[in-house]
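Results of the structural survey
Residues per chain are reported as follows:
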Amino acid sequence: MALLTPISSSYLRRLYSRLSAHDAAAEAKSRVCLSNAYSLLHRTSTCKAGFSSHLEKSESYNFKASSSVTDVSTPEVPVESSIVKGDTWSIHKFGGTCVGTSQRIQNVANIVMEDSSERKLVVVSAMSKVTDMMYDLIEKAQSRDDSYELALDAVFEKHKLTALDLLDGDELASFLSTLSLDINNLKAMLRAIYIAGHGTESFSAFVAGHGELWSAQILSSVLRKGGIDCNWMDTRDVLIVTPAGSDQVDPDYEESDQRLDNWLLKNPSKVVVATGFIASTPQNIPTTLKRDGSDFSAAIMGALFRARQVTIWTDVDGVYSADPRKVSEAVILNTLSYQEAWEMSYFGANVLHPRTIIPVMQYDIPIVIRNIFNLSAPGTKICREPITVIENEENKKLETYVKGFATIDNLALVNVEGTGMAGVPGTASAIFGAVKDVGANVIMISQASSEHSVCFAVPEKEVKAVAKALEAKFRQALNAGRLSQVAVIPNCSILAAVGQKMASTPGVSATLFNALAKANINVRAIAQGCSEYNITVVVKREDCVRALRAVHSRFYLSKTSIAVGIIGPGLIGATLLNQLRDQAAVLKEKSKTDLRVMGIIGSKKMLLSDSGIDLFKWKEHLKEKGEKADMEKFVHHVHGNHFIPNTVLVDCTSSTNVADHYHDWLHTGIHVITPNKKANSGPLDKYLKLRALQRQSFTHYFYEATVGAGLPIMHTLRDLLQTGDKIIRIEGIFSGTLSYIFNNFVDTRAFSEVVIEAKAAGYTEPDPRDDLAGTDVARKVIILARECGLNLELSDIPVQSLVPDPLKETASVDDFMQQLPSFDSDIATKRQAAEDAGEVLRYVGVVDVKNHKGAVELRRYKKQHPFAQLSGSDNIIAFTTERYNKQPLIVRGPGAGAEVTAGGVFSDILRLASNLGAPSY
């Protein structure tokens, strides 16, 4: 580093006072601090850092702090015809990530050189992290932390090494000289802050803006090295802004336009590299455009140049329909209107700063968001009223009414309510005046038309001050009862749906709230302007991501995603998992349905996954990686995954203990699907409570496979009832096992022989008495009876058991099977009697709705009867209704077996997906 020169105490005092005076609130403190700093500096013959001696030549306030800071009081020059503006200019903006390394700066230069535009203005930020480093320098100096000097040396080394990588010859020497001079001057300024223990906002802005000065100079040198005639612009010479409140500035377009003309006359060039982020006040005080100010700089320059287009280069492919970190299926939007981009950015989407859009709107200058690391991606174009479409798989165009969704977290709702508010002028003004006095930012406002209450959302960190101010403001009204309360609801988030076409499209709001309801999301507050560019809802913070995914899926921007938990990976559960595996790709492609199995639990072990279990290897993973079964942990894991909005637990067991959890699961928003008959045939009070909850909530409870496996028995019954038909009688062969036995119990075959054959073929339970006792059929009868409105208990159904009384208490299955032949004669006699009458024996269940009763028994039917025409293990059910009176409605088909039962469960899962918004195909 070059030898540092002695500091000029008089100049430092003038410079520091000049910058400090710009902050009126800090002026008095600055005088004291500077007085102390001056006395200390006066006793020091030489400082560790100093300004170059040329700084003392100027006695005016139009100072030059370094060679990077040029004179901002440019005399007016008459505008001549050589000044060219208009659509020959294109604006490029490159952020800190884009110029973060020497290689990336070279990439930026290549992009600029390959742009075919006639004239180009390139706005650059400081190198990645440099702005933070500069602010950190100021913080350290104010805290009297000596490490600020080492930190500044690190800034110097970063830019020095970058220049050595990219430049050579005179360009390198010139930049290194400027850089050294700037660093020396900064050390002197920081030393003054260190001594005073205080730095004003203007002084901080001056120091922080050096990162942009250096990156602009490096890039312009690289372009000149590549043969491009290029100048660099310190935008503090051109861009004039006026402070407009907290962290905002308003551009002075008229003055800036005049200064730009003067600059262009002095620096004619078709390629200009300009500093982003920094500007000057009308008093020529260096300032900044605040955070994200480089985008704002590019937009302002686009307006001043009347440019053809402003391209914002970043590290994403464009604007997403939702935050891809929260919605993995979020898509890149081809186009957005200015208003849509404005709304999405206001509500937290990583698009642009809202103020960035304002300068270009009046000249209809489009903004294009592109990815510097993926040049093949076309990006997102922001312009006036674009027509946006998404192509589906048949290349048909689907107009999108809702463009995207954005969220804001860490908010609190404040609710002011009371009967004394209604019709009282000035109440709202008093409320928000109090909020303004504490400097809180109101994100959203909602008021009922009755004027009984006003609620609004503020950042959670500000809500205590807001509540305290409101209670003080309305203390008299609260004591008198005119206001009932000032209530705070913490832990809230905002979800906003944005789209310009929403205003002219009926049903958008209904679709949005329907999606939230079906995901079991409670909406705490709603706001919508008459322009209907956005619909805003407030939800619990823990529900926010799930709500975002639910609405995103509902508007076809992504798949309908359902987190699936499989309980009982036995015969039926394993078959279902294989069916899900084989059909997953088809469902994703055809119906945009993503069924993601997040957990599998058996009686001893369970397998959990955060992203979805590999269904090709689930058996191996359960065996090798499975952990001890814990139902509570299992349910929490499957439902607690906030990245999937909908959860379904599929109970493939026959366990009463599992069925007892259904009510709690439904209550917490978990859908339930099951072939398990225990819940619907159990105690009546539990059943009625379960069905009442199902009707009151948006959670679904499907149980098609409880009665007919894969046969649409429950669906058919439900359709008959819902269309107003009256059920008279339901009669059927509900057991595939008993259907097989009696279909084969013919001629001279012994009953025990057929039972042994059925057991060997796998048609019976491990203990055939479970089938022969008729209890399973009785449960199916109870389920159908209750569905028809009969409040019957299982004990109300008389059941004719086919297990001989002496064998009911037999200890082992083997003993039962060995002794069964000795009882063949009883049932053989019944068969013979039936045959003599031209009839057959069938084991049936009957629901007599008219007489409010049911039965399970062995009956005789004519050989011409449909029940006599069965084969194998088929089931058959006959519905006798007012419409189907003379000729019952018959449902017939396989009613047992793992494949058809799993298929019935799978059908219920797809029905759930359809109810949650998945399109049919």
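Residues numbered from 1 in each chain as written. Predicted model: local features only at pLDDT ≥ 70, side-chain atom pairs only at ≥ 80, totals over all residues. Heavy atoms only, no water.

On to the layout of surface pockets, then. Considering only enclosed or pocket space, the second largest pocket measures out at about 960 Å³ in volume. If you list the elements that add at least two residues to the lining of the second largest pocket, you get helix H18 (571-591), helix H25 (705-708), helix H27 (736-744), helix H29 (769-772), helix H30 (775-787) and helix H33 (898-915). Taken together, the residues that form the lining of the second largest pocket break down as 14 nonpolar, 13 polar and eight charged. (1 Å grid on protein atoms, 1.4 Å probe; cavity = no way out; pocket = protein on both sides within 12 Å on 5 of 7 lines; lining within 4 Å. Points joined across faces, edges and corners; volume = space filled by probe spheres on them. Helix = DSSP H or I, 4+ residues; strand = E, 2+ residues; numbered from the N terminus. Nonpolar A, V, L, I, M, F, W, Y, C, P; charged D, E, K, R; others polar.)

Pairing is antiparallel across the open sheet formed by five strands, whose spatial order is E30-E29-E28-E31-E32. Looking at strand neighbours, the two that pair on one side only are strand E30 (853-862) and strand E32 (889-894), the edges of this open sheet. Pairs of neighbouring strands in the sheet enclose a mean axial angle of 20°, with direction left out of account. Bridge analysis of strand E31 (residues 874-881) against E32 gives six bridges, and the strand direction is antiparallel. (Pairing = 2+ DSSP bridges. Axes fitted to C-alpha atoms, helices over the stretch in contact; angles between N-to-C directions.)

If you trace the backbone, Thr-275 turns up in strand E6 (residues 271-275). With a relative accessible area of 1%, Thr-275 lands in the buried category. Here the side chain of Thr-275 touches Thr-235 through a polar contact of 2.6 Å, side chain to side chain. (Buried < 20%, exposed > 50% of the residue type's maximum accessible area, 1.4 Å probe, protein only. Polar contact = N/O pair within 3.5 Å; in protein donor to acceptor, adjacent residues only side chain to side chain.)

With that out of the way, let us pick up the packing of helix H13 (residues 427-437) against helix H14 (residues 463-473). Running from amino to carboxyl end, H13 crosses H14 at an angle of 135°, the nearest separation of the two axes being 9 Å. Classified by the angle their axes make, H13 and H14 are oblique. The way H13 lies across H14 gives a crossing that is right-handed. Seen from H13, the contacting residues are Ala-430, Ile-431, Ala-434 and Val-435; seen from H14, they are Val-466, Ala-469, Leu-470 and Lys-473. Of the residues assigned to the contact of H13 with H14, the class counts are seven nonpolar, no polar and one charged. (Parallel < 35°, antiparallel > 145°, perpendicular 65-115°, else oblique. Left-handed = near helix turned anticlockwise from the far one by under 90°. Contact = heavy atoms within 4.5 Å.)

Our focus in this paragraph is the side chain of Ser-735. Among the secondary structure elements, Ser-735 is positioned in the loop between strand E28 (727-733) and H27. Ser-735 sits in the buried class, given a relative accessible area of 6%. In terms of polar contacts, Ser-735 uses its side chain to reach the backbone amide nitrogen of Leu-738, at 3.0 Å. Apart from residues no more than four positions distant in its own chain, Ser-735 is found in contact with Val-777 and Asn-875.

Turning next to the sheet that holds strand E3 (residues 230-233). Taken together, the eight strands give an open sheet; going across it, the order is E3-E6-E2-E1-E9-E11-E12-E10, and neighbouring strands pair in mixed fashion. One side of each edge strand has no neighbouring strand; the edge strands of this open sheet are E3 and strand E10 (335-337). Averaged over all pairs of adjacent strands, the angle between their axes in this sheet comes to 20°, without regard to strand direction. Pairing of strand E2 (residues 119-124) with E6, which is carried by five bridges, proceeds in the parallel orientation. Bridged to Val-122 within E6 is Val-273.

Okay, a nonpolar patch on the surface next. A cluster of nonpolar side chains, contributed by Trp-342, Tyr-346 and Ile-358, occupies part of the molecular surface with about 270 Å² of accessible area. Counting through the fold element by element, Trp-342 comes out in helix H11 (residues 338-346). (Patch = residues over 30% accessible without salt bridge, like charges linked within 9 Å, V, L, I, M, F, W, Y side chains within 5 Å. Areas by Shrake-Rupley, 256 points an atom, 1.4 Å probe, with all protein chains shown as cover. Salt bridge = Lys/Arg side-chain N within 4 Å of Asp/Glu carboxyl O.)

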